[in-house]
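Chain and residue survey
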Amino acid sequence: MKKIIFMTSIVAILLPVNLRAEEEKKDLGEELYNPVRAFFEIGANIFNNVEETFTIDSDELTDTEALSINNSGHIALGMDIYGVQIGLSPSISEYEDMGTQTIMQIKLDVPFGTNVIQPFISLGVSMNWLELEIDADTVEDSSVGYLVGGGLKVNIDRNIYAKIGFNYNYVEFEKNYYGYNAEIDLSNVQIFAALGCVF
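Read on for a plain summary of the structure. (Residues numbered from 1 in each chain as written. Predicted model: local features only at pLDDT ≥ 70, side-chain atom pairs only at ≥ 80, totals over all residues. Heavy atoms only, no water.)

1. What to know about unusual backbone geometry
In the Ramachandran plot, Tyr 82 falls in the positive-phi region, its phi being about 55° despite a non-glycine side chain. Inspection of the secondary structure assignment puts Tyr 82 in the loop between strand S6 (73-81) and strand S7 (84-95). (Helix = DSSP H or I, 4+ residues; strand = E, 2+ residues; numbered from the N terminus.)

2. As for the pairing of S6
Two faces, one strand: in a regular strand the side chains alternate between the faces of the sheet. When strand S3 (residues 36-56) meets S6, the two strands line up antiparallel, connected through 9 bridges. If you follow Ala 44 over to S6, its bridge partner there is Gly 73. Taken together, the 5 bridges between S6 and S7 define a ladder with antiparallel strand orientation. Residue pairing for S7: Ile 81 is matched across the bridge by Val 84. Where S6 folds back onto S7 in an antiparallel hairpin, the turn is made up of 2 residues, including Tyr 82, whose phi is positive at roughly 55°. (Pairing = 2+ DSSP bridges.)

3. Side note on empty space enclosed by the protein
What the rule picks out here adds up to 2 cavities of 30 Å³ or more. What the largest cavity holds in volume is close to 360 Å³. Every residue lining the largest cavity is counted, 33 residues in all, and those nearest its centre are Ser 91, Gln 105, Asn 167, Asn 169 and Gln 190. Mapped by element, the contributors of at least two residues to the lining of the largest cavity are S3, S6, S7, strand S8 (99-111), strand S9 (117-134), strand S11 (160-177) and strand S12 (180-198). Counting residues per element, the lining of the largest cavity draws most heavily on S7, at 8 residues. Here the lining of the largest cavity is built from residues that sort into 12 nonpolar, 17 polar and 4 charged. (1 Å grid on protein atoms, 1.4 Å probe; cavity = no way out; pocket = protein on both sides within 12 Å on 5 of 7 lines; lining within 4 Å. Points joined across faces, edges and corners; volume = space filled by probe spheres on them. Nonpolar A, V, L, I, M, F, W, Y, C, P; charged D, E, K, R; others polar.)

Limitation: the analysis is restricted to geometry and does not speak to function.
This is how it looks when you write it as structure tokens:
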């Protein structure tokens, strides 16, 4: 909860700065963006790394390893409000010989500046459903995670844009494991490129 409050505070501070910039954004005397439009985005992962930390009874046994992951990209659909995008992004991660993680993210992208190339930050929360095979035992659980990120957005024209950026995703699951209190932490770093349209 503290993490979510912290991320909300960041948005509350930075969002007015972006809105003032968007009011000044002009293209041949006309606004570059309509105030409120929908957007669709599709992206591919250039780099994707996941680490799993498996803890039993508060550090009595801790094991951290990198997982082989098959998650080639993302799609997103939502609303673009003065250039600020909030949308839903579903995805499925397959861990080799271990199982799957189904993810539904609510993500906020906040760009800054009035140029064609804009830096942006990303904040979000996710609902995660996990099914893993660990030591011949099936672990099934659901949990809320969070993400932070950033990158560069290139406004190709009024309707088309491109992005390159990174996301850091984190989620933890708690489960009773053979009578012990077990915690599974998954941290994921992604570098991606994406193309989107606003309509």
